Amino acid sequence: LDIDESELEWNSRKTEPLNIGHLLKEHVRRFYPLDVYHIAGSVGDIDKRLENVDAVTAIELIEHLHPDTLKAFPEVVFAHMRPKLAVITTPNRDFNVLFPNFEGPFRHWDHKFEFTRTSAITDMVLFCSTH
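Quick notes on the rules
- Residues numbered from 1 in each chain as written.
- Predicted model: local features only at pLDDT ≥ 70, side-chain atom pairs only at ≥ 80, totals over all residues.
- Heavy atoms only, no water.
- Helix = DSSP H or I, 4+ residues; strand = E, 2+ residues; numbered from the N terminus.
- Polar contact = N/O pair within 3.5 Å; in protein donor to acceptor, adjacent residues only side chain to side chain.
- Contact = heavy atoms within 4.5 Å.
- Expected span 1.5 Å × (residues − 1).
- Bend = angle between axes of the 7 residues up to and from the residue.
- Buried < 20%, exposed > 50% of the residue type's maximum accessible area, 1.4 Å probe, protein only.
- Phe/Tyr/Trp six-rings, centres within 6.5 Å; stacked < 30°, edge-to-face > 60°.
- Lys NZ or Arg CZ within 6 Å of the ring centre and 35° of its normal.

Undergrad: Could you clarify how one ought to interpret the side chain of Ser42 in this entry?
TA: Inspection of the secondary structure assignment puts Ser42 in the loop between helix H1 (5–11) and strand S1 (55–59). There is a polar contact of 3.0 Å between the side chain of Ser42 and the backbone nitrogen of Gly44. Apart from the residues lying within four places of it in its own chain, the contact partners of Ser42 are Leu1, Ile3 and Thr69.

So, in structure tokens, the structure goes:
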């Protein structure tokens, strides 16, 4: 799911099945089929196509969201999408000092925030409890 359709198209090749699947021994092959869909949309909008999904991954995503989208994110993901598994990661600002020539305040020009070890749990609990 992404608001940028060109990014979806460009990165869709990363989720294509490998052509060597038929060469793998049976104990290595996937038992259940894996269906991957690339959908244009926003994590801040309720979308019927995304109800009751198996998994949601938001890897290095939430720090890029505008405040209104970030505010809607927990409800859209946990109340509407209702994934069996959710993996959400975001950069830790404490490690920015390890980057050579770091000119901050954030790692990427589009970041709206970055958590620290101290703030991550407190901020996320507070954020999620208000939704």
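From this point, the discussion proceeds with the structure in view.
Undergrad: What exactly am I supposed to notice about the environment of Pro105 here?
TA: Following the sequence through the fold, Pro105 ends up in the loop between strand S2 (85–89) and helix H3 (117–129). The residues touching Pro105, leaving out its near neighbours within four places in the chain, are Asn96 and Glu114.

Undergrad: So what exactly am I meant to see when it comes to helix H2 (residues 67–81) here?
TA: One turn of the α-helix equals 3.6 residues, which is why residues spaced by three or four share an orientation. Its 15 residues place the ends of H2 20 Å apart at the C-alpha level, agreeing with the 21 Å of an ideal helix rising 1.5 Å per residue. Maximum bend of H2: about 35°, positioned at Phe73, with proline Pro74 one to four residues after it. Of all the residues in H2, the buried ones are Thr69, Leu70, Phe73, Pro74, Val76, Val77, His80 and Met81.

Undergrad: How do you make sense of the packing of aromatic side chains when you look at a structure like this?
TA: Within a pair of aromatic rings, the relevant descriptors are the distance that separates the centres and the angle that separates the planes. Under the counting rule described, the total for this entry stands at 1 aromatic pair. A centroid spacing of 5.1 Å and a plane angle of 55° characterise the contact between Phe113 and Phe115, whose relative ring orientation is tilted. Look at Phe113 and you get buried, because its relative accessible area is 18%. Here Arg13 stacks its cationic end above the ring of Trp10, 4.4 Å away from the centre of that ring.

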